[in-house]
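Architecture and fold: a report
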Amino acid sequence: MRRALAFLVALAVALALLPGCEEPARGIVVWHPYRGAEQKALETVASAFTAKTGTHVTLLAVPYDAYAAKLEAAIPRDNGPDLFISPHERLGSYLSNHLVAPAGDAFPDGDVARYDAKAVDAVTDRGTRYAVPLASKCVALYINTTLLPEAPATLDDLARMKGKLGANVWPLVYEAQSVYFHVPLLHAYGGQIFDGKTYAMVGPEASQAADKARDLIASGVVPPEPSGDLVKQLFASGRAAAAISGPWLAGDLPADVRYRVVPLPSIEGAGKMRPFLTVDGAFLTPQGARLPEARALARFFADGDMAKIRRAMGKQDVATKSVWEEHVDRPELRADDAVLAAFHEAALEAVPMPTSLAMRATWVPAEQALRKVIRGQSTAKEALDEGRVRYLDIMRAPPTKSPSPAPLMALLGLTLLALAFYAVKRARHPGFARELQDSKPAYKYVVHSALTILVLVVLPLLAGAATSFFAGTRDAPQFVGLTNYVEILTVRGAPLRDWLSHGSFYLTLVVTVAWTVVNVVAHVTIGLILGLLLARPFLKLRALYRVLLILPWAVPSYVTALAWKGMFHRQFGAVNAILVWLGAEPVSWFAKFSTAFTANVATNVWLGFPFMMVVVMGALTSIPKDVLEAAEVDGATRWQAFRLVTLPLLRPTLLPAVVLGSVWTFNMFNVVFLVSGGEPDGSTDILVSEAYRWAFARNAQFGYAAAYAVIIFGLLALMSRVLGKIGKDTEAKA
Amino acid sequence: MSTDVAVTDRASPFERIAVNAILVVAVVYALYPVLWVISLAFSSGSEPELRAFPVPHNVSLDNFRIVTGWGDSARGWLFAKQLMNSLVVSLATAIMAVAIATPTAYALARHDFVGKRSGLRTLLLTQMFPGVASAVPLYLILDALHLLDTRTGLVLVYAATAVPFAIFQLRGAFLAIPVDLEEAAMVDGATRTQAFLKVALPAARPAIAVTALFAFMSAWNEFILAATLIGRESAFTLPVVLQSYVGEYNTSWGAFAAGAILVSVPVMALFYVAQRQLISGLTSGGVKG
């Protein structure tokens, strides 16, 4: 057996190493989130640098979703890049994790005049410049010139086109439910989302802006539930006369759409709509800042000629001024990239997005408030004030005085003592030495698994759990003992009557349990039915059915979950199309808890049933045919055969899948996040989404997130014990 | 409920139609969202129209060309290499997870030993801790083991994550196999190890195939750890490449969908081939090898 095992392990390792040939010298390493044209332009610029200086440049495209985690893991161990490209608004988070160094001679004082003033502001924090500004991004107004020959002077002019553009044509489409796209309205009324210190989307200005957004949708000027995809589709197919979007939309429009881009209009009785500006900067890591070549490369990216390449090839609104001045003299070129020029013009009026960590915590409360207003569920003032309360709750400072570690130590000590007591008691049991002796052969089969799991599974989890005793962000962790747990379990100090109120820990727990039960029951039922049906001997197309039925599992869930979200769209979704065809009323799926929950469940059942089906198919193979034949001879009906023979025999294989399936569903964050996103108002969130929010959207409070994780762990452990007891009892009775 | 018996193929025509009808409904449910993805992948320029039945708009292979780097030899090679990485890493994960889990699962099914119950409990407990931020600790451990930025490290991590479920799954399979067969072999002079290798292992083959498929799938679709633990583009796996079509503000859905289809084709093929292992015991009968 050892030989066979050793062979398999060696094979696996050899396979893993096989094409692992080494790369050439790395030179300066640059990480970036670019794709497509922007990536090509960056590669061209990097090879120009190599040609000029002889220094090799290694570029690595990192997916946006993994970017932050990768930077945080690699840079503190000096495994990171020398230089990385990132939108500027993450600067606050980079500074708190010590991931960036001042730009130094990559951006000397003499260069300030070289770049757009706004872009320089964006990469500056308290007087220190941290990046070389490369390109700006903001939103502007796309106008379909076939439908609207004249650019509207105001948003209200545009709204008045309602009904004059032909059937099924919306005057305007934009992601009204997203705060990023709502900010221009907010700015027009004189409001803001963040005042430099705290949440600021409150007061009469913010109310007016939110009411305006609601009216635009309610009066049919803007379609309901507009997602980024829908904006693209409606504008590209000529069903929207105008769209608010960024430079990325231009690349997705078919050639036959005649359009132009202008800066955002004004609002009558208010001011000009000014969007947020984000600036892609070249940031030096502490490691890279020490290398003169890395600093030279950062500056080289923004060099006049290189910026020209990035503009022409990468379609970037570059922050280097000289590129734009030159083009004034060459109208033929200017006409060529009129879109880019329009975005450049729009960027000059935009407001650089604040960079502080506190700013990042405003998004979710602001978005929940905005959506509540748009759904018409409360007045703007109420909803916005509620958003502010939520923000303040999130940002509440950890206790200023560190509590004594005594209670925690006592708890840990007691646990260890109990374990030691148990172990000693066990060891002093008379038969123990003999038992241990008898166990030796079994350990040979177990030790390698134990070791692997200990190092690669248990250790990281313990490290995670340990952070739950700390509060604050990574730069200033502070020992707080059990405070995080107390906070969560007492609903952040709310009075007892509010413990089941909206968004509380206990209500979320109820939702999570319901979510788990409904999903697992559906998974097992469907999996069992399909598994058994597929075993019927007369099926001709069995192989085809099987392969088609595992499709939901085989296609990456990221894209299919979004396909499902699209299917539940109020106006354009397939589900409502079918309902209307059947003569029913269309449903606003994400406006109510019950329907939003149903949408999540429909998606998750779809994703999960093939897994159970395959488990059942595998388990069925181990049922000997003669047992069923015996049942047949005894005159059992099919139901009896299933209940008394098949099901008990499926049990040992099905049970672990059901138990683990429940655990995984309990922690299934992706579907909730991608389909309902917690809509409406965070009510469909499950416990683990809360943990993720604390870790990634709420001021990066990892301690709080870890405490959530430990509590989830405790709940599941408790649940499995109870279920295990029940399982044993029924087994005993059967 | 009709009263004829499950084992024999005495299904009435009505029953045949009913069974096929249920399966067709299930296939429609399974297929519909995927059709949307397919239509997205084959459309060029704009997005496909949202309508009840998804049909591609301006049928073209542009998205597939973008994803595979068609016509750009350097990029094409890179894609081929990344595909190879994905295959190698996922296969190695499947082999390694099964190799680690099988003996342990057997011991847990057949032996009694000190620490068995607490071991089983710990195994279950590991699955209950949500991995909110386990990427960074894992990074530190692999760094300490000098396995950062290697396929071996990635395979180790994936296999370790897949092992607990694999052990449970295989232990269930071993429990379902009648112990008499092994006992008979041992009466005939086989050692415990021989009984495991020659009798129990072949009998558990279908379950091993299923378990290997699970481990393969977990590695095949994972991207956060792969993107965090690997630092060279030529060593990336396909999901990392796919995920990079998702940007902060917009996503190239066409390219993502095309990539998603390319990623799922090998899985379907593998499953089609592995089906033989899964052909129901109800028809093939008993615990043959």
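Parameters at a glance
- Residues numbered from 1 in each chain as written.
- Chains lettered and ligands numbered in written order.
- Predicted model: local features only at pLDDT ≥ 70, side-chain atom pairs only at ≥ 80, totals over all residues.
- Helix = DSSP H or I, 4+ residues; strand = E, 2+ residues; numbered from the N terminus.
- Rg over C-alpha atoms; globule rule 2.2 N^0.38 Å.
- Buried ≥ 20, exposed ≤ 12 C-beta atoms within 10 Å, placed from the backbone.
- Contact = placed C-beta atoms within 7 Å.
- Pairing = 2+ DSSP bridges.
- Axes fitted to C-alpha atoms, helices over the stretch in contact; angles between N-to-C directions.
- Domains from an automatic or database assignment.
- Expected span 1.5 Å × (residues − 1).
- Core = buried A, V, L, I, M, F, W, Y, C linked by C-beta atoms within 7 Å.
- Parallel < 35°, antiparallel > 145°, perpendicular 65-115°, else oblique.
- Left-handed = near helix turned anticlockwise from the far one by under 90°.
- Nonpolar A, V, L, I, M, F, W, Y, C, P; charged D, E, K, R; others polar.
- pLDDT = per-residue confidence, 0-100.

Another point: the overall build of chain A. Looking only at helices and strands, chain A features 32 helices and 15 strands. Relative to the 2.2 N^0.38 estimate, which gives 27 Å for 734 residues, the radius of gyration of chain A is 30 Å and therefore close to what a compact globule would have. Based on the C-alpha atoms only, the size of chain A along its principal axes is roughly 95 × 65 × 60 Å. Every one of the 734 residues in chain A was classed for burial, and the buried ones make up 50%. Considering only contacts in chain A between residues 6 or more positions apart, those separated by 24 or more positions represent 75%.

On to the overall build of chain B. The number of helices and strands found in chain B is 13 helices and zero strands. Ordered by position from N to C terminus, the α and β elements of chain B give α-α-α-α-α-α-α-α-α-α-α-α-α. When burial is assessed residue by residue, chain B has 52% of its 289 residues classed as buried. Contacts in chain B between residues far apart in sequence, at least 24 positions, make up 68% of those at least 6 positions apart.

Next up on the list: the interface of chain A and chain B. Taken together, the contact pairs 131 residues of chain A with 130 residues of chain B. By residue number, the principal contributor to the side of chain A that touches chain B is helix α20 (residues 432-466) of chain A, which donates 21 residues.

The subject of this paragraph is the sheet that holds strand β10 (residues 259-262) of chain A. Residues and elements named next belong to chain A. Spatial ordering of the open sheet is given by β8-β9-β7-β10, a layout of four strands whose pairing is mixed. Every interior strand has two partners, whereas the edge strands, β8 (170-173) and β10, have only one. On average, each strand axis in the sheet is tilted by 20° relative to the strand beside it, whichever way the strands run. Sheet topology places strand β7 (residues 140-144) next to strand β9 (residues 240-245); four bridges connect them, and they run antiparallel. The partner of isoleucine 143 across the bridge, within β9, is alanine 242. Against the sheet, helix α9 (residues 228-236) touches β7, β8 and β9, its axis set at about 145° to β9.

So, about the domain arrangement of chain A. Per the domain assignment, the segments making up chain A are domain 1 (22-134 + 280-350), domain 2 (140-274 + 361-395), domain 3 (406-465) and domain 4 (530-685). The straight-line distance from the C-alpha centre of domain 1 of chain A to that of domain 3 of chain A is 52 Å.

So, about unusual backbone geometry. The phi dihedral of arginine 126 of chain A falls on the positive side, at around 45°, and the residue is not glycine. Tracing the backbone through its elements, the reader meets arginine 126 of chain A in the loop between β4 (124-125) and β5 (128-129). Of note, the phi angle at histidine 146 of chain B is positive, near 55°, even though the residue is not glycine. Relative to the helices and strands, histidine 146 of chain B resides in the loop between α5 (135-144) and α6 (151-176).

Before going further, it helps to examine helix α17 (residues 363-374) of chain A. All names here are of chain A. With twelve residues, α17 should cover 16 Å at 1.5 Å per step; its first-to-last C-alpha distance of 16 Å lies within 8% of that length. A large share of α17 lies buried, amounting to eleven of its twelve residues. Packing partners of the buried residues in α17 comprise α7 (179-188), α8 (203-218), α18 (380-395) and α31 (687-697). Once α17 ends, the next one or two residues include glycine 376, with phi positive near 75°.

As a further point, take the nonpolar core. Tyr708 of chain A together with Val37 and Ala97 of chain B are the most contacted members of the largest nonpolar core, which totals 315 residues. Excluding residues within four positions of it along the chain, tyrosine 708 of chain A makes contact with Ile488, Leu687, Glu690, Ala691 and Trp694 of chain A.

Now for the packing of helix α22 (residues 505-534) of chain A against helix α27 (residues 593-621) of chain A. Residues and elements named next belong to chain A. The contact between α22 and α27 brings their axes to 7 Å, and the two run at 45°. Considering their axes alone, α22 and α27 lie oblique with respect to each other. Relative to α27, α22 is oriented so that their crossing is right-handed. Between α22 and α27, the contacting residues are Val518, Asn519, Ala522, His523, Val524, Ile526, Gly527, Leu528, Leu530, Gly531 and Leu534 on the first element and Val601, Asn604, Val605, Gly608, Phe609, Met612, Met613, Val615, Val616, Met617 and Leu620 on the second. When its residues are assigned to classes, the contact of α22 with α27 shows 16 nonpolar, six polar and no charged.

All names here are of chain A. In terms of residue burial, strand β11 (residues 276-284) counts as a mostly covered element, since nine of its nine residues are buried. Alternating residues of β11 divide into Phe276, Thr278, Asp280, Ala282 and Leu284 and Leu277, Val279, Gly281 and Phe283, and every residue in both groups is buried. By the bridge criterion, five bridges tie strand β3 (residues 83-87) to β11 in an arrangement that is antiparallel. Among the inter-strand pairings, proline 87 is bridged to a residue of β11, identified as aspartate 280. Bridge count between strand β6 (residues 131-137) and β11: six bridges; the pairing is antiparallel.

This part is about the confidence of the model for chain B. Any segment with low pLDDT has predicted coordinates that should not be analysed in fine detail. All names here are of chain B. In the predicted model, chain B carries a mean pLDDT of 82, and 86% of its residues have values of at least 70. Ranking the elements of chain B by mean pLDDT puts helix α13 (residues 281-284) last with 36 and helix α3 (residues 73-110) first with 91. Confidence drops under pLDDT 50 across residues 1-8; counting only partners more than four residues distant or on other chains, this segment forms 19 contacts. This stretch, residues 280-289, has a pLDDT under 50; its non-local contacts, to residues over four places away or in other chains, come to 28 contacts. Model confidence for the complex is summarised by a pTM of 0.85, with the ipTM given as 0.83.

Attention now goes to the packing of α27 of chain A against helix α9 (residues 205-220) of chain B. The axes of two packed helices give the description: the angle between them and the distance between them. Following both chains from N to C, one finds α27 of chain A and α9 of chain B inclined at 165°, their axes separated by 8 Å at the closest point. Judged by the angle between their axes, α27 of chain A and α9 of chain B are roughly antiparallel. Between α27 of chain A and α9 of chain B lies a crossing whose hand is left-handed. Where α27 of chain A approaches α9 of chain B, its residues Val614, Val615, Gly618 and Thr621 of chain A are matched on the opposing element by Pro206, Ala207, Val210 and Leu213 of chain B. Here the contact of α27 of chain A with α9 of chain B is composed, by residue class, of six nonpolar, two polar and no charged.

Here we come to the environment of valine 169 of chain A. Residue and element names in this part refer to chain A. Inspection of the secondary structure puts valine 169 in the loop between α6 (155-159) and β8. Taking C-alpha positions, valine 169 is 5.3 Å from alanine 240, a pair spaced 71 residues apart along the chain. For valine 169, the contacting residues outside a window of four places in its chain are Leu147, Arg239, Ala240 and Ala241.

It is worth spelling out the environment of arginine 290 of chain A at this point. All names here are of chain A. Looking at the secondary structure, you find arginine 290 in the loop between α10 (286-289) and α11 (292-301). Given 13 C-beta atoms within a 10 Å radius, arginine 290 is considered partly exposed. Taking the C-alpha atoms as reference points, arginine 290 and leucine 654, 364 residues apart in sequence, are found 58 Å from one another.

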